Amino acid sequence: MTTLDSRVTTPVGSLAASREPRPSPPTTLIEVAGPSRPTKRVLLPRWLRKLYGPVALLLLWWSTSATGLLDPDLFPPPGAVVGATTDLIADGELFLHVWASIQRVLYGLLFGVLGGTVLAVLSGLTRIGEDLLDSTMQILKAVPNYALTPLLIMWMGIGEEPKILLIALGVGIAIYINTYSAIRGVDNALVEAATTLGASRAALIWHVILPGSLPGFLVGLRLALSGAWLSLIFAETINTTEGIGYLMTRAQNLLQSEVSVLILVIYAVIGMISYAFVRFLERRLLAWRPGFQGT
Amino acid sequence: MASRLPGDVIPSASNAPVPEGQAPPEAAVVVTGVRRRFGDHTVLDGLDLTIGAGEFVAMLGHSGSGKSTLLRALAGLDPEVTGSVLVPPQRAVVFQHPRLLPWKRVLANVIFNLREPDARQRGYAALEEVGLASHARAWPATLSGGEAQRVALARALVRRPHLLLLDEPFGALDALTRIKMYALLKRLCHRYRPAVLLVTHDVDEAILLADRVVVLQGGRISLDLPVTLPTPRSRSEAGFTALRARLLSALGVEERVGDADPRDASQGDAALQAADPTDGVDSSGARSWSAVADSPEVSR
């Protein structure tokens, strides 16, 4: 009895009570790299793999139409849409309308980007600019663009001006909000370092603050581009006989469902091109920034 | 920008108010009665400091003791200090983080804001001196920490500063890179002879590099020691260890590192010493580095 007691209690009790080193805990090893782990294989180039999603959607559309799961009167099969497209291309209508819309968006972008950038720089760099502009812009941001349409028509009539202005306003606000906060977010440590190198205020703005706010500006540009095509839909409900919006209204009135679907495809393609354009700008202008490449 | 600040007057060497018998005839920095408060907290409390032309001064102090505050005042970055701060107009700062402009390539960073027509050649030469000429076209983000800090050093030295301000420039580097940087800095300083103020909390670094070590405590210089060790210096010399112990005790730090829990009274220490009686404990009680660290040769 006594021998058993001492064997059980003594070692355990002394280990717990003192601060003597404890034995290292046992460890099981797992393999995180080695011959038995398969290496990742790349079968297709990156740009092709990016098309997985759209291609899958197309296949779904085609197969549900072919099996009659999709009512062809409500949602036309791909073949009908292709037919409508070739007709519209053949009589030159498609190009006319798409080009009219692209022109409006480009003008809207031009004025919106210029205006938004100038205002953001003014209010980002000066206290008085901030006091004058910032709350106004934040309020404007809260107003839906579409609500301005009646006023714009009363002021400017039904020509191109209110359409372009409507787009430019949306673009300008997106650019302003992002560029302004990017300017205010430029690392003060860099501004200080440049100051110790004797940089003047102009040099600080040109070499430190503006390049530092470029990533924010490009985020704004990306939002502005998608916003511009949204504004375009509203803008082209203002009396017009040209543009994708007109084509859409006409298709609705004439119950041309395949043209309606074509409009969707056009917006999708334009959206992809806009996105690719901003990505291109980012790669060129932000080459200095090591970005996360994804896995 | 610097000359517009109130405390920042640039005197000629002859009329500088140098306290008698303290400063070399030609002074690069004369600071008298400098004060700086942050709210209720007084960080610099009537501090005096003189640095001679070409002199390398290291400033030690605990975190928050005001080392960086003083350095920022000398750099002209703090318009709110009061007192008199006299510095040369050509100054350059190397911060703890390199602070390179990420959107400019390495060479463009080095020659940033230089207006001389031969700026590119000079910038390239400066990069060569820090061993990074091959990286002239690289983006800063692709550099390692040590490389980026060498670029920052090149950016400072290409301006031929009369006063070089170093704000814990090696604090973010790994120990091996740091040793190499000591030698590089010492070589370049010997070549260009700027006055240097090195702010650090690494006692060894201060002794290895400086002609003079000052300790900042309670908003003033509490200790001002010349370092008379011959160069090249190494951590294993007897004089080094003595100076180190003195500076550590001035900073109120005792360095004893062991496995035993200090709460276990003294028997843990006794056991440790019994196990290895030669375990690098020198006469002053501070544990010597010779047992654990390599001994970098710092030459000039």
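Predicted model, so just to flag it, every value in this text is computed and none were measured.

Basis of the calculations
- Residues numbered from 1 in each chain as written.
- Chains lettered and ligands numbered in written order.
- Predicted model: local features only at pLDDT ≥ 70, side-chain atom pairs only at ≥ 80, totals over all residues.
- Heavy atoms only, no water.
- Helix = DSSP H or I, 4+ residues; strand = E, 2+ residues; numbered from the N terminus.
- Contact = heavy atoms within 4.5 Å.
- Areas by Shrake-Rupley, 256 points an atom, 1.4 Å probe, with all protein chains shown as cover.
- Patch = residues over 30% accessible without salt bridge, like charges linked within 9 Å, V, L, I, M, F, W, Y side chains within 5 Å.
- Salt bridge = Lys/Arg side-chain N within 4 Å of Asp/Glu carboxyl O.
- Lys, Arg positive; Asp, Glu negative; His and termini not counted.
- Charge placed at Lys NZ, Arg CZ, Asp CG, Glu CD.
- Buried < 20%, exposed > 50% of the residue type's maximum accessible area, 1.4 Å probe, protein only.
- Expected span 1.5 Å × (residues − 1).
- Pairing = 2+ DSSP bridges.
- Axes fitted to C-alpha atoms, helices over the stretch in contact; angles between N-to-C directions.
- Core = buried A, V, L, I, M, F, W, Y, C linked by side-chain atoms within 4.5 Å.
- Parallel < 35°, antiparallel > 145°, perpendicular 65-115°, else oblique.
- Arc of directions from axis to C-beta.
- Buried area = accessible area lost by both parts, 1.4 Å probe.
- Polar contact = N/O pair within 3.5 Å; in protein donor to acceptor, adjacent residues only side chain to side chain.

Our focus in this paragraph is the overall build of chain B. When helices and strands are tallied, chain B shows 8 helices and 10 strands. A separation of at least 24 residues holds for 72% of the contacts in chain B among residues at least 6 apart in sequence. Carbon together with sulfur atoms contributes 51% to the accessible area of chain B, which is approximately 14,000 Å² in total.

Here we take up a positive patch on the surface. All names here are of chain A. A surface patch of positive charge is lined by Lys-40, Arg-46, Arg-49, Lys-50 and Arg-283. The residue Arg-283 is located in helix H12 (residues 257–285) in this model. The exposure class of Arg-283 is exposed, given its relative accessible area of 57%.

Moving on, we come to H12(A). All names here are of chain A. With 29 residues, H12 should cover 42 Å at 1.5 Å per step; its first-to-last C-alpha distance of 42 Å lies within 8% of that length. Listing the buried residues of H12 in full gives Ser-257, Val-259, Val-261, Leu-262, Ile-263, Ile-266, Tyr-267, Ile-270, Ser-274, Val-278, Leu-281 and Glu-282. Here the buried face of H12 lies against helix H3 (52–66), helix H4 (78–90), helix H5 (93–125), helix H10 (201–235) and helix H11 (244–253).

Our next topic: the sheet that holds strand S4 (residues 56–60) of chain B. Residue and element names in this part refer to chain B. Here 6 strands make up an open sheet; going across it, the order is S6-S7-S8-S4-S9-S10 and the pairing mixed. Each edge of the sheet is formed by a strand with only one pairing partner; in this case those strands are strand S6 (91–94) and strand S10 (220–226). The sheet shows a mean angle of 20 degrees between the axes of neighbouring strands, taken without regard to direction. As paired elements, strand S7 (residues 163–167) and strand S8 (residues 195–200) share 5 bridges and run parallel to each other. Bridge assignment links Asp-167 to a residue of S8, and that residue is Val-199.

All right, on to the pairing of strand S3 (residues 41–52) of chain B then. All names here are of chain B. When strand S2 (residues 27–38) meets S3, the two strands line up antiparallel, connected through 9 bridges. Each residue of the ladder has a partner; that of Val-30, found in S3, is Thr-50. Here S2 folds back onto S3 in antiparallel fashion, the turn holding 2 residues, of which Gly-39 has a positive phi close to 65 degrees.

Our next topic: the nonpolar core. All names here are of chain B. Formed by 56 residues in total, the largest nonpolar core has its most connected members in Leu-127, Leu-164, Leu-185 and Leu-247. Top element by residues in this core is helix H4 (residues 145–157). It accounts for 7 residues. Those residues in contact with Leu-127, other than ones at most four positions away along the chain, are Val-106, Leu-107, Val-110, Leu-132, Ala-133, Ala-136, Val-151 and Ala-154.

Our next topic: the pattern of salt bridges. Scanning the model with the defined rule gives 18 salt bridges over all chains in all. A salt bridge links A:Arg184 to A:Glu130, with the nearest nitrogen and oxygen atoms 3.3 Å apart. On the criterion of sequence distance, the pair formed by A:Arg184 in helix H8 (residues 160–184) and A:Glu130 in helix H6 (residues 127–142) is long-range, its members being 54 residues apart. The partner of B:Glu55 in a salt bridge is B:Arg212, with the nearest N and O atoms 3.1 Å apart. Of this pair, B:Glu55 sits in the loop between S3 and S4 while B:Arg212 sits in strand S9 (residues 212–217), placing them 157 residues apart in sequence.

In a pair of packed helices, the angle between the axes and the distance between the axes together describe the arrangement. Residue and element names in this part refer to chain A. For the pair H4 and H12, the least separation of the axes is 9 Å and the interaxial angle reads 85 degrees. As judged from the angle between their axes, H4 and H12 are roughly perpendicular. Contacts between H4 and H12 involve Ala-80, Val-81, Ala-84, Thr-85 and Leu-88 from the first element and Glu-258, Val-259, Val-261 and Leu-262 from the second.

Moving on, we come to H4(A). Residues and elements named next belong to chain A. With 13 residues, H4 ought to run about 18 Å at 1.5 Å a step, and its terminal C-alpha atoms sit 18 Å apart, in line with that. Every buried residue of H4 is listed here: Pro-78, Val-81, Ala-84, Thr-85 and Leu-88. Projected down its long axis, H4 shows its buried positions confined to an angular sector of 125 degrees, all on one face. In H4, the exposed residues that point more than 90 degrees away from the buried face are Gly-79, Val-82, Asp-87 and Ala-90. In this fold, the buried residues of H4 make contact with H3, H5, H11 and H12.

With that settled, consider the interface of chain B and chain A. Each partner contributes residues to the interface: chain B has 21 residues there, and chain A has 19 residues. Buried area between chain B and chain A, summed over both chains or domains, comes out near 2,000 Å², and the portion from carbon and sulfur atoms is 67%. Of all residues in chain B, B:Arg99, B:Trp103 and B:Phe112 give up the largest surface area on contact with chain A, accounting jointly for 33% of the area buried on that side. The tally of links from chain B across to chain A stands at 2 salt bridges. B:Arg99 is paired through a salt bridge with A:Glu192; the nearest N and O atoms lie 3.0 Å apart. At the junction of chain B with chain A, the criterion picks out 7 residue pairs in polar contact (both at pLDDT 80 or more).

None of the figures reported here should be taken as evidence of function without further support.
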